[in-house]
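Read off the chains here:
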Amino acid sequence: MTKNANQLKPVLFVVTSNAVKGATGIPTGFNLAEVTHPLEKLQEAGIQVEFASPKGGDAPLDGLEDMKDPVIARYWADTDFRHAISHTLCLDDVDPSRYSAIMFAGGHGTMWDFPDNQSAQKAIREIDAAGGIVSAVCHGPAALINARRIDGSLLVAGKRVAAFSDGEEEEVQSTHIVPFLLASTLNERGAHHQNTPNWSNNVVVDGRLITGQNPQSAAHLGEVLRDALLA
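Residues numbered from 1 in each chain as written. Predicted model: local features only at pLDDT ≥ 70, side-chain atom pairs only at ≥ 80, totals over all residues. Heavy atoms only, no water.

*Asks:* What's the story with the pairing of strand β1 (residues 11-14) in this structure? I'm lost.
*Replies:* Every other side chain in a regular strand lies on the same face of the sheet, so the side chains alternate between the two faces. Of the two faces of β1, the one lined by Val 11 and Phe 13 and the one lined by Leu 12 and Val 14 are each fully buried. Bridging between β1 and strand β2 (residues 49-53) involves four bridges; their strand directions are parallel. Counted as the bridge partner of Val 14 is Ala 52 from β2. In this fold, β1 hands off to helix α1 (residues 32-44), which returns the chain to β2; that crossover is right-handed. By the bridge criterion, four bridges tie β1 to strand β4 (residues 101-104) in an arrangement that is parallel. Bridge assignment links Val 14 to a residue of β4, and that residue is Phe 104. (Buried < 20%, exposed > 50% of the residue type's maximum accessible area, 1.4 Å probe, protein only. Helix = DSSP H or I, 4+ residues; strand = E, 2+ residues; numbered from the N terminus. Pairing = 2+ DSSP bridges. Right-handed = clockwise from strand over helix to strand, strands pointing away.)

Laid out in structure tokens, this is it:
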């Protein structure tokens, strides 16, 4: 690590605003582990993080995960964190030039409001063009399937990526609920999805694109993102 964290622009964490799985009425939102575990790694290194969502304001939670997880429990008890995720910036109001990286957290909600969000695509395009890092974990790469570089090419084309696998989607019985299968769609966009066994820690780095497969990959992704920012 050669850079000083104080010299870095903040990292923008993006979470879903979508609270329902399509027409099913089943509640959803963002995955808390996929926010808190990477957040811990960045904050421990002194890297600032800000939060945004497609609609701004209070971000819906995709269930309250096991409070036996000390990282989740600590952040859930932290009033500053709770305030941040209940007062997210609206993506439409985000100035991408303020950030050194963007990180899209997962949770099934992302499958409905990330893929076609123009402000998310603008942030990805401008941060990538400025030499910043684009990162996503689990269902967060839903934001990447239609994202394009400044030259108009698909961001993921020819890139190795990790994301929630088709096998994991089948295991959680959501194959026929989600509007598309994330890993398959990434491959259709020209990406090379790096499949590993369900629920294994899998983080893939391809240049300035850093992606993780599932909640089990979130802490590792935070470490990799931290190290890339401070390199």
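So that's the structure; there's more coming.
*Asks:* Sorry, what's going on with the pattern of salt bridges here?
*Replies:* Side chains carrying opposite charge are able to pair once their charged atoms draw close together. One pass over the structure, following the stated rule, counts nine salt bridges. Here Glu 126 makes a salt bridge to Lys 122, at a shortest N to O gap of 3.2 Å. Within this pair, Glu 126 and its partner Lys 122 are both found in helix α5 (residues 118-129), separated by four residues, close to a single helical turn. Here Asp 227 and Arg 226 are joined by a salt bridge, their closest N and O atoms 2.9 Å apart. (Salt bridge = Lys/Arg side-chain N within 4 Å of Asp/Glu carboxyl O.)

*Asks:* Sorry if this is basic, but what is going on with the sheet that holds β4 here?
*Replies:* Each strand in a sheet pairs with another by means of backbone hydrogen bonds, the pair being arranged parallel or else antiparallel. Here we have seven strands laid out as an open sheet, ordered β3-β2-β1-β4-β5-β9-β8, and mixed in their pairing. Of all strands in the sheet, those with a lone pairing partner are β3 (89-90) and β8 (203-206), marking the two edges. When β4 meets strand β5 (residues 133-137), the two strands line up parallel, connected through four bridges. Residue pairing across strands places Ala 101 opposite Ile 133, the latter belonging to β5. Helix α8 (residues 218-230) rests against β1, β4, β5, β8 and β9 (209-212) of the sheet, and its axis sits at about 175° to β5. (Contact = heavy atoms within 4.5 Å. Axes fitted to C-alpha atoms, helices over the stretch in contact; angles between N-to-C directions.)

*Asks:* Explanation requested: α1 in the structure shown.
*Replies:* The periodicity of an α-helix, 3.6 residues per turn, causes residues three or four positions apart to be oriented the same way. For α1, with 13 residues, the first-to-last C-alpha span of 18 Å sits near the 18 Å given by 1.5 Å per residue. In terms of residue burial, α1 counts as a mostly covered element, since eleven of its 13 residues are buried. For α1, the complete set of buried residues consists of Leu 32, Ala 33, Glu 34, Val 35, Thr 36, His 37, Pro 38, Leu 39, Glu 40, Lys 41 and Leu 42. Backbone nitrogen of Ala 33 and a side-chain oxygen of the N-cap are separated by 3.0 Å at the start of α1; the cap is Asn 31. Just past α1, the residue Gly 46 takes up positive phi, approximately 85°. (Expected span 1.5 Å × (residues − 1). Polar contact = N/O pair within 3.5 Å; in protein donor to acceptor, adjacent residues only side chain to side chain.)

*Asks:* Would you mind going over the packing of aromatic side chains with me for this structure?
*Replies:* Remark: the centre distance and the inter-plane angle together describe each pair of aromatic rings, the angle taken between the planes. What the rule picks out here adds up to five aromatic pairs. Between the aromatic rings of Phe 51 and Phe 81, the centroid separation amounts to 6.1 Å while the plane-to-plane angle is 75°, which identifies the pairing as edge-to-face. With a gap of 30 residues between them, Phe 51 in strand β2 and Phe 81 in helix α3 (residues 79-86) connect regions that are remote in the sequence. Residue classification places Phe 81 among the buried positions, given a relative accessible area of 4%. Summarising the aromatic geometry, the rings of Phe 104 and Phe 114 are spaced 5.5 Å apart at their centres and angled 75° between planes, so their arrangement reads as edge-to-face. Pair noted here: Phe 104 is in strand β4 and Phe 114 is in the loop between α4 (110-113) and α5, with a separation of ten residues, a long-range link. Judged on exposure class, the residue Phe 104 and its partner Phe 114 are both buried. Members of the aromatic cluster, each reached through a chain of ring pairs, are Phe 13, Phe 51, Tyr 75 and Phe 81. A cation sits over an aromatic face here: Arg 82 above Trp 76, 3.7 Å from the ring centre. (Phe/Tyr/Trp six-rings, centres within 6.5 Å; stacked < 30°, edge-to-face > 60°. Lys NZ or Arg CZ within 6 Å of the ring centre and 35° of its normal.)

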